[in-house]
Amino acid sequence: MTTAPRRGFALLTVLWLVALLGGVTSGILVLVRREERISANRGALMRVQWAESACLAILQARYSGYPDVRRVDSMDLGRGVWCRATVTDLAARVNLNLASGAILRAVLGSDSLAAAVMDWRDADSIAEAQGAE
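Not measured: the values here are computed from a predicted model. (Residues numbered from 1 in each chain as written. Predicted model: local features only at pLDDT ≥ 70, side-chain atom pairs only at ≥ 80, totals over all residues. Heavy atoms only, no water.)

> Run through the packing of helix α2 (residues 101-108) against helix α3 (residues 111-121), naming residues and quoting values.
Where α2 meets α3, the closest approach of the two axes is 8 Å, and the angle between their N-to-C directions is 135°. Put simply, α2 runs oblique to α3. The interaxial crossing formed by α2 with α3 has right-handed handedness. Contact residues: G101, L104, R105 and L108 in α2; D111, L113, A114, V117, M118 and R121 in α3. Residues of the contact of α2 with α3, tallied by class, amount to six nonpolar, one polar and three charged. (Axes fitted to C-alpha atoms, helices over the stretch in contact; angles between N-to-C directions. Helix = DSSP H or I, 4+ residues; strand = E, 2+ residues; numbered from the N terminus. Parallel < 35°, antiparallel > 145°, perpendicular 65-115°, else oblique. Left-handed = near helix turned anticlockwise from the far one by under 90°. Contact = heavy atoms within 4.5 Å. Nonpolar A, V, L, I, M, F, W, Y, C, P; charged D, E, K, R; others polar.)

In structure tokens form, the structure reads like this:
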């Protein structure tokens, strides 16, 4: 009668070990998959940085030869990566909060629109002629 409980104990021990090994294996697989995704994301980020550097180098090379070049048309860098760049002169932009009335009229091309912007900027709530307080 003492042999039956030992067989049952051995069977339960083996089943628990199999379950434990299965749990450890699944945990390791989850970690491996996560690390694989992290590695793929890092690779994609590096490709983006390389593409950015290549696009900038292309723009600089074209600009050094022809200073009037302000953009690079879409260009295939390989593996589905495209380069398109545009140079914008930030000094040519107009700050609507600081521009004078004459500059606003010249840029906007409308006296009433320039007056509306000027009226909107001032601190009072009195509408000026052609303004829109």
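> How would you explain the nonpolar core if you had to name every residue and give the values?
With five residues, the main nonpolar core is built from C55, L59, V72, C83 and A85. When residues of this core are traced back to their parent elements, those giving at least two are α1 (3-65) and β2 (81-86). Apart from residues no more than four positions distant in its own chain, C83 is found in contact with C55, V72, D73, S74, M75 and L77. (Core = buried A, V, L, I, M, F, W, Y, C linked by side-chain atoms within 4.5 Å. Buried < 20%, exposed > 50% of the residue type's maximum accessible area, 1.4 Å probe, protein only.)

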